[in-house]
Amino acid sequence: MTEHREQYKPEQEEGFDIKKLLYKVLGRWYWFILSVLIAYTVSWLINRYTVPQYSVNASLIINEEKKSTAELLVSVLDRYSPRKNIENEIAILKSYTMAAKTLKQLDFDISYYVVGRIRESLMYPNSPFLVIPDSSVVAYGTRVDVTFLPDNQCQIAIGENIKETIQVGEKFKYPSFPFTIVLNKNANYDELIGKKFFFIINNFNSLVNRYRGKVTLTSNDKRGTVLTLTISGENSQKEVDYVNTLMDVYIQNGLEEKNRTSANAIQFIDEQLGFVTDSLKRTEDVMQNFRTSNKSFNFSQEGNIVLDRLTTMQSEKSEVKRQLDYYEYLRNYIADEIDLNKTVAPSVIGIGDPVLNSLVNELTALSTEKMLLSHSSSSEKNPVIKNMNIQITSILTSLRENLKQLIASTNIALKDVDDRIKQVERELLKLPVTERQLLNIQREYNMNNEIYNFLLKKRADAAISKASNVADNKVLDYAVVQNAVKIAPKTKNNRMIAIALGLLIPLALIFIMDFFNQTVTDLQEIKSSTTIPVVGMIGHNNEESEVPVAENPASPLSESFRALRTNLHYILRDKPGKIINVTSTVSGEGKTFISVNLAAMIAHSGKKVLLMGLDLRKPKISRIFNVDNQEGISTYLIGDSKYDDIIRLTNINNLYIATSGPVPPNPAELIETDEMRKLLEIAGAEFDFVIIDTPPVAVVVDSLLLAQYADVNIFVVRQHLSSKDSLLLANDLQQRPEIKGLSLVVNDVSHNSAYGFGKYRYSYNYGYGYNYGGYAGYYSEYMKEDQPKKPRKRFFSKKNS
């Protein structure tokens, strides 16, 4: 009755095994040490050779402009009220105009560097030499190397092709790059000899764009008016000078913009005074000539009354006419929408209309801010500029509508004054002609004199206002070199990152290798994949001998073979025969090594053992025992040799061998013959144990043909080499009824790392109707000749007949 064997189903993998991970990590401890050393070395090189970067901070207080009661009222009604906007001030500080004005006050045109053994360092503010470029310099950004030589000479090098030695102070006459090098007054020439320097002449536009991009501005909170300016670079003093100068330029610019209204008013008044002064002088001359000619100096009582009335009305008309002239000037000025920031405020000429004053002040403030923000190539795309354009357009619309109404109402008032003046002028007809003429001259003189005095007073008011103006903003803290913070390289952080990466990289590699590993690595993995008993765990052979149990019987490796021998005794205690078949999945897993040393260990116990080399395609037994392979099992099976001729005694007591013999063309057919069966029967009767070394079961069918004669079939699995698919193959072999006593032996076990990783990955083809992981093409690999081995100790002698 055929024995039924249930197909084995692999157990489901359990959760994360921390102990297994720990063993894997400990098994690769040197990886971590090497990785940390490499990473730490890299961090040291970065810290050593990276040019340091320093960050400095300064702060500004942005104050809101103070408004009059009328302006505050208009601000409430008008959503475009003129107010300081913190975002606008940030944009102004980062504008091209501010950066350009700042750099014009600093000596940043040329950058000087000294070449050290490790890195190149920027020399600022003091350089031992100065470069005076010619006005025709065009080679901006070109590196010019300077090496000082004895006898007051220096070598100039530009690139690889231009090298010239000149006297210090002599003009370097390269066509597109003329300049002169002079020593700094504090420099010691002897200390410069042999040292290497270089300089770069900076393009001003590129320098402006670089520095305006370097400054970072942040406010203390959403509603705060304190701005923090941060800038970083390799020379802290240079960054301190820039950011401090930038704040001074910004404050001065704000004050200049604040004085612009007064300056515009003074200019406007001066123009008006020029006209009035001429009129006043002419009228005064006319009146003086008239009095002299007519000998008339005084008016009659009636004339004085009429003159007073006309003078009052004329003053009123002058005031209305002055307002109308301003309205017309303002309407014509804003029509072109050019230089709106230069608009003269109505209050300058005494117009107190709150709405008009507010609109003009708004227009001037927004136009000024827009001018400051409009000096970059991206101004049209700037959302702040776009918002300002919308506000200015809205103000201009409101202003035009307001001026239209004011001009209309002022014309009505002017007509009313003219009508009243005409009524009074009728009374002049009652006066004598001479007095009437003098009265008209006096009236014109009084009007011009009143206008002149009014303008003088307004000019004085504007001058006082300009002189008393103070900046709205002020510096809270200047940047100082002592407070500079080193931001790169971050030495401690780099070291910590290096250590972390040094530990994480090998750990990640271990995880990746484990994830993609397809080889058998540990006993637990074997137990979870098969129910075939493991009868032996053989350690790694550190000796040159391929029969270490014979040369060193007290070694741990020999002890593992003793354990295997003991386990096999228990398995075979009820068996009538003692034939042991040893095979594996593929070549290289150690089946021959196991066969030879197991046979030697059983022989040491006093049992008579025959080791048969039935790997007819790739004989190894003869090489291990260093015997002639001209006669062997293959010659016996074809009838060319007798039984006694192929059995040989080794110098290991009780151990006999039967070598494979010459490689036949048909090994499988020979093994299937009755002669093979008879040979095993004879050997089984004569010897206590017969151990058969067979070919890999996944490569050729020979081992399966011999398995039916064996009482125990040992399937060898090699740690870190055997594919996990080999366990699936062993499970299928377990289901075959002709294969008895199937057991596993794990070879080359690394005892110092029970949970080691596999170093190699193979894929093989299992024949005889099975396919596990694809072992295609392995037959050719199996048939390759072994690499030459060192001569081995002779372990045999011919058996006596």
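Each chain has its residues counted from 1, running along the sequence as written. Local features in this predicted model are restricted to residues of pLDDT 70 or higher, and side-chain atom pairs are both shown and tallied only at a pLDDT of 80 or more, whereas totals for entire chains, interfaces and linings draw on every residue. Here the side-chain values reflect all heavy atoms present in the structure, with hydrogen atoms and water set aside.

Quick look at the sheet that holds strand β7 (residues 162-167)
Stage number 1. One requirement defines pairing of two strands: DSSP has to find at least two bridges between them. Strands are runs of DSSP state E lasting at least two residues, helices are runs of H or I lasting at least four, and both sets are numbered from the N terminus onward. Here six strands make up an open sheet; going across it, the order is β3-β2-β10-β5-β6-β7 and the pairing antiparallel. Whereas interior strands pair on both sides, the edge strands pair on one side only; in this sheet they are β3 (120-123) and β7. Pairwise comparison of adjacent strand axes, ignoring direction, gives a mean angle of 30° for this sheet. The angle between two axes is taken between their N-to-C directions and runs from 0 to 180 degrees, where each axis is a line fitted to C-alpha atoms and a helix contributes only its stretch in contact.

A look at empty space enclosed by the protein
Stage number 1. A pocket, in this scheme, is an open set of points on a 1 Å grid over the protein atoms alone with protein on both sides within 12 Å along at least 5 of 7 lines, while a cavity is a set where a 1.4 Å probe fits but cannot get out; residues line either one if an atom lies within 4 Å of a point. Grid points are joined across faces, edges and corners, and a volume is the space filled by probe spheres set on the points. For the structure on display, the rule yields one cavity of 30 Å³ or more.
Stage number 2. Considering only enclosed or pocket space, the largest cavity measures out at about 70 Å³ in volume.
Stage number 3. Lining of the largest cavity is provided by Asn581, Thr583, Val697, Ser703, Leu704, Ala707, Asn713, Leu733, Ile739 and Leu742.
Stage number 4. Top element by residues in the lining of the largest cavity is helix α23 (residues 702-707). It accounts for three residues.
Stage number 5. Among the residues forming the lining of the largest cavity, the class breakdown is six nonpolar, four polar and no charged. In the scheme used here, Gly and all other residues not listed as nonpolar or charged are polar, with Ala, Val, Leu, Ile, Met, Phe, Trp, Tyr, Cys and Pro taken as nonpolar and Asp, Glu, Lys and Arg as charged.

Let's talk about the nonpolar core
Stage number 1. Within this scheme, the nonpolar core is defined by two criteria: the residues are buried Ala, Val, Leu, Ile, Met, Phe, Trp, Tyr or Cys, and they are joined through side-chain atoms within 4.5 Å. Residue burial is assigned from relative accessible area. The probe radius is 1.4 Å, only protein chains are included, and a residue is buried under 20% of its type maximum, exposed over 50%, and partly exposed in between. Leu60, Phe108, Leu227, Leu229, Tyr242 and Tyr250 are the most contacted members of the largest nonpolar core, which totals 37 residues.
Stage number 2. When contributions to this core are tallied by element, the ones reaching two or more residues are β1 (53-61), α4 (86-93), α5 (96-104), β10 (196-201), α7 (204-214), β12 (226-233) and α8 (236-294).
Stage number 3. If you look at the next biggest cluster of nonpolar residues, it comprises 35 residues, including Val549, Met601, Ile691 and Val712.

Quick look at the pairing of strand β22 (residues 742-749)
Stage number 1. With eight of eight residues buried, β22 lies mostly within the body of the structure.
Stage number 2. Taken together, the four bridges between strand β15 (residues 534-539) and β22 define a ladder with parallel strand orientation. Along β22, the bridge assignment pairs Met537 with Val746.
Stage number 3. In the classification by handedness, the crossover that spans strand β21 (residues 712-718), the intervening helix α24 (residues 725-734) and the parallel β22 is right-handed. Handedness of a crossover is defined as follows: orient the strands so they point away from the viewer, and if the path from the first strand over the helix to the second runs clockwise, the crossover is right-handed.

Considerations on the pattern of salt bridges
Stage number 1. Only one rule defines a salt bridge in this text: a Lys or Arg side-chain nitrogen within 4 Å of an Asp or Glu carboxyl oxygen. Scanning the model with the defined rule gives 21 salt bridges in all.
Stage number 2. We note a salt bridge from Arg143 to Glu120, for which the minimum N-O separation is 3.0 Å. Taken together, the positions of Arg143 in strand β5 (residues 143-149) and Glu120 in strand β3 put the pair 23 residues apart, joining distant regions of the chain.
Stage number 3. By relative accessible area, Glu120 is classed as partly exposed at 32%.
Stage number 4. Ionic pairing is found between Arg562 and Glu559, a salt bridge with its closest N-O pair at 3.2 Å. A residue pair is termed a helical-turn pair when its members lie 3 or 4 positions apart in one helix, as Arg562 and Glu559 do in helix α16 (residues 556-572) at three residues.
Stage number 5. Judged by its relative accessible area of 23%, Arg562 is partly exposed.
Stage number 6. Among the residues examined, Glu559 registers a relative accessible area of 46% and is labelled partly exposed.
Stage number 7. Each of the salt bridges in this network shares a partner with another, and the network as a whole consists of Glu120, Arg143 and Asp145.

A short note on the environment of Ile61
Stage number 1. Within the secondary structure, Ile61 is located in strand β1.
Stage number 2. Residues Ile61 and Ser219, spaced 158 residues apart in sequence, show a C-alpha to C-alpha distance of 9.8 Å.
Stage number 3. When checking whether two residues touch, look at their non-hydrogen atoms; a contact exists if any pair is within 4.5 Å. Ignoring sequence-local partners within four residues, the contact set of Ile61 consists of Thr225, Val226, Asn473, Lys474 and Leu476.

Regarding a nonpolar patch on the surface
Stage number 1. Together, Ile497, Leu501, Ile505, Leu509, Ile512, Phe515 and Phe516 make up a nonpolar patch on the protein surface, roughly 700 Å² of accessible area in all.
Stage number 2. By the secondary structure assignment, Ile497 is in helix α13 (residues 491-516). Patch membership is restricted to residues that have no salt bridge and whose relative accessible area is over 30%. Joining uses 9 Å for like charges and 5 Å for the nonpolar side chains Val, Leu, Ile, Met, Phe, Trp and Tyr. Surface accessibility follows the Shrake-Rupley procedure with a 1.4 Å probe radius. Residue values consider only the protein chains on display as shielding.

Quick notes on the packing of aromatic side chains
Stage number 1. Geometry of aromatic contacts follows a simple scheme: Phe, Tyr and Trp rings, the Trp one being its six-membered ring, pair when their centres are within 6.5 Å, and the pair is stacked under 30 degrees between planes, edge-to-face over 60, tilted otherwise. The tally for this structure, following the rule as stated, stands at 18 aromatic pairs.
Stage number 2. Both rings, one in Phe108 and one in Tyr211, keep their centres 5.5 Å apart while their planes meet at 35°; by these two values the pair is tilted. Residue Phe108 is located in the loop between α5 and β2 (110-115), and its partner Tyr211 is located in helix α7; the two are separated by 103 residues in the primary sequence.
Stage number 3. Here Phe108 falls in the buried class, since its relative accessible area comes to 1%.
Stage number 4. Its relative accessible area of 2% is what places Tyr211 among the buried residues.
Stage number 5. Centroid distance Tyr326 to Tyr327: 6.3 Å. Interplanar angle 65°. Geometry classified as edge-to-face.
Stage number 6. Take Tyr326: its relative accessible area is 1%, and that puts it in the buried class.
Stage number 7. Owing to a relative accessible area of 3%, Tyr327 belongs among the buried residues under this scheme.

Some remarks on the sheet that holds strand β4 (residues 129-133)
Stage number 1. Reading across from one edge, β4-β9-β8 is the order of the three strands in this open sheet, with antiparallel pairing throughout. The sheet is open, and its two borders are formed by β4 and β8 (171-172), each paired with just one other strand.
Stage number 2. Strand direction decides the pairing type here: β4 and strand β9 (residues 179-183), joined by five bridges, are antiparallel. Within β9, the position partnered with Val131 by the bridge is Ile181.

Topic: unusual backbone geometry
Stage number 1. A cis geometry characterises the amide bond from Tyr124 onward to Pro125, with omega recorded as 5°.
Stage number 2. Note that Pro125 resides in the loop between β3 and β4.
Stage number 3. Of note, the bond from Ala488 into Pro489 is cis; its omega dihedral lies within 30 degrees of zero at -10°.
Stage number 4. Residue Asn654 is not a glycine yet carries a positive backbone phi of 70°.
Stage number 5. Checked against the element boundaries, Asn654 lands in the loop between β18 (648-650) and β19 (655-658).

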